[in-house]
Structures are given as structure tokens and as C-alpha cells.
Amino acid sequence: MTPPPFLVRTSTHYERLARMLGKRHPKFEGAQKTTIEILWQDPTNRSGSYNIKKLVNVPRGEGQWRLALGRFRMRYDIYEHDVVLQYCGLRREDTY
């Protein structure tokens, strides 16, 4: 029996960041849609198919989980069957 899908919501902080990213980066809209599809089905990455990591020493409400899609980084929290997106941003080009 498969678990029920999760409800994906956004915080106001995430929405502000997403608006700014969407204006500067045309690929962000596609990444955001992919994020919602992934988190709706498998936010804890039980399948091992996604670049999702549980962050250490991050309190609930600040994005305990991170999803990496190319240069985009999404941080979110999981509350039972709700996933709340808290942050979205870009990895710096000079990181690696």
C-alpha cells in the first residue's frame, strides 16, 4: 500500500524569494514545478532518486530538508502530511 501524497504549501518568505528568482532566472519556474511534484510524492527521499538531504542542527521552521535541482536550492519542513517550502535560492557559481 502506497502512502498518501503530501500537501505542498509555501511560506510568505518563500513566495517573496520565488518572485525575485522568477524575474531573473527563466528556468526557475520549471524547477519550482519539479520541486512540487517531487515533494508531493517523496519529500524524505525514501526512493533515493532525488538530491534531498536532511540538514543537521537546523530547527523546524527554517527548512530542515534541502532539495537541490541544478543550481536551485529549496529548503522545506515536513509536518506529518504537509510539506512547507521555506526558502529557495541559487548555489553560487564559484562554489566548486
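Notes on the structure in this doc start here. In this text, all values refer to a predicted model and were calculated from it rather than measured experimentally. (Residues numbered from 1 in each chain as written. Predicted model: local features only at pLDDT ≥ 70, side-chain atom pairs only at ≥ 80, totals over all residues. Heavy atoms only, no water.)

**Re the overall build of the protein chain**
Line of reasoning, step 1. Regarding its fold elements, the protein chain presents two helices and five strands.
Line of reasoning, step 2. Helices (α) and strands (β) of the protein chain occur, in sequence order from the N terminus, as β-α-α-β-β-β-β.
Line of reasoning, step 3. Over its C-alpha atoms the protein chain spans a radius of gyration of 13 Å, differing by no more than 12% from the 12 Å that the globule rule assigns to 96 residues.
Line of reasoning, step 4. Reported as C-alpha extents along the three principal axes, the dimensions of the protein chain are approximately 40 × 25 × 25 Å.
Line of reasoning, step 5. For the protein chain, the share of sequence-separated contacts (at least 6 apart) that also reach a separation of at least 24 residues comes to 45%.
Line of reasoning, step 6. Positive and negative side-chain charges of the protein chain, numbering 17 and 10 respectively, have mean locations separated by a distance of 5 Å. (Helix = DSSP H or I, 4+ residues; strand = E, 2+ residues; numbered from the N terminus. Rg over C-alpha atoms; globule rule 2.2 N^0.38 Å. Contact = heavy atoms within 4.5 Å. Lys, Arg positive; Asp, Glu negative; His and termini not counted. Charge placed at Lys NZ, Arg CZ, Asp CG, Glu CD.)

**What about the nonpolar core?**
Line of reasoning, step 1. With 20 residues, the main nonpolar core has Tyr 14, Phe 28, Met 74, Tyr 76, Val 83, Leu 85 and Cys 88 as its most contacted residues.
Line of reasoning, step 2. When contributions to this core are tallied by element, the ones reaching two or more residues are helix H1 (12–24), helix H2 (28–41), strand S3 (65–69), strand S4 (72–79) and strand S5 (82–90). (Core = buried A, V, L, I, M, F, W, Y, C linked by side-chain atoms within 4.5 Å. Buried < 20%, exposed > 50% of the residue type's maximum accessible area, 1.4 Å probe, protein only.)

**Some remarks on H2**
Line of reasoning, step 1. In this model, H2 (14 residues) spans 20 Å end to end at C-alpha, consistent with the 20 Å of a helix rising 1.5 Å per residue.
Line of reasoning, step 2. Of the residues making up H2, those classed as buried are Phe 28, Ala 31, Thr 35, Ile 38 and Leu 39. Taken end-on, H2 shows its buried residues confined to a sector of 90°, consistent with a single buried face.
Line of reasoning, step 3. If you follow the buried residues of H2, they end up packed against strand S1 (7–10), H1, strand S2 (52–54), S3, S4 and S5. (Expected span 1.5 Å × (residues − 1). Arc of directions from axis to C-beta.)

**Overview of the pattern of salt bridges**
Line of reasoning, step 1. In the structure shown here, the tally under the stated rule is two salt bridges.
Line of reasoning, step 2. The salt bridge partner of Arg 9 is Asp 82, with a shortest N-O separation of 3.8 Å. Note that Arg 9 is positioned in strand S1 and Asp 82 in strand S5, a separation of 73 residues in sequence.
Line of reasoning, step 3. Owing to a relative accessible area of 40%, Arg 9 belongs among the partly exposed residues under this scheme.
Line of reasoning, step 4. Ionic pairing is found between Lys 33 and Glu 29, a salt bridge with its closest N-O pair at 3.7 Å. One end of the pair, Lys 33, and the other, Glu 29, are both in helix H2, four residues apart, so they sit about a helical turn from each other. (Salt bridge = Lys/Arg side-chain N within 4 Å of Asp/Glu carboxyl O.)

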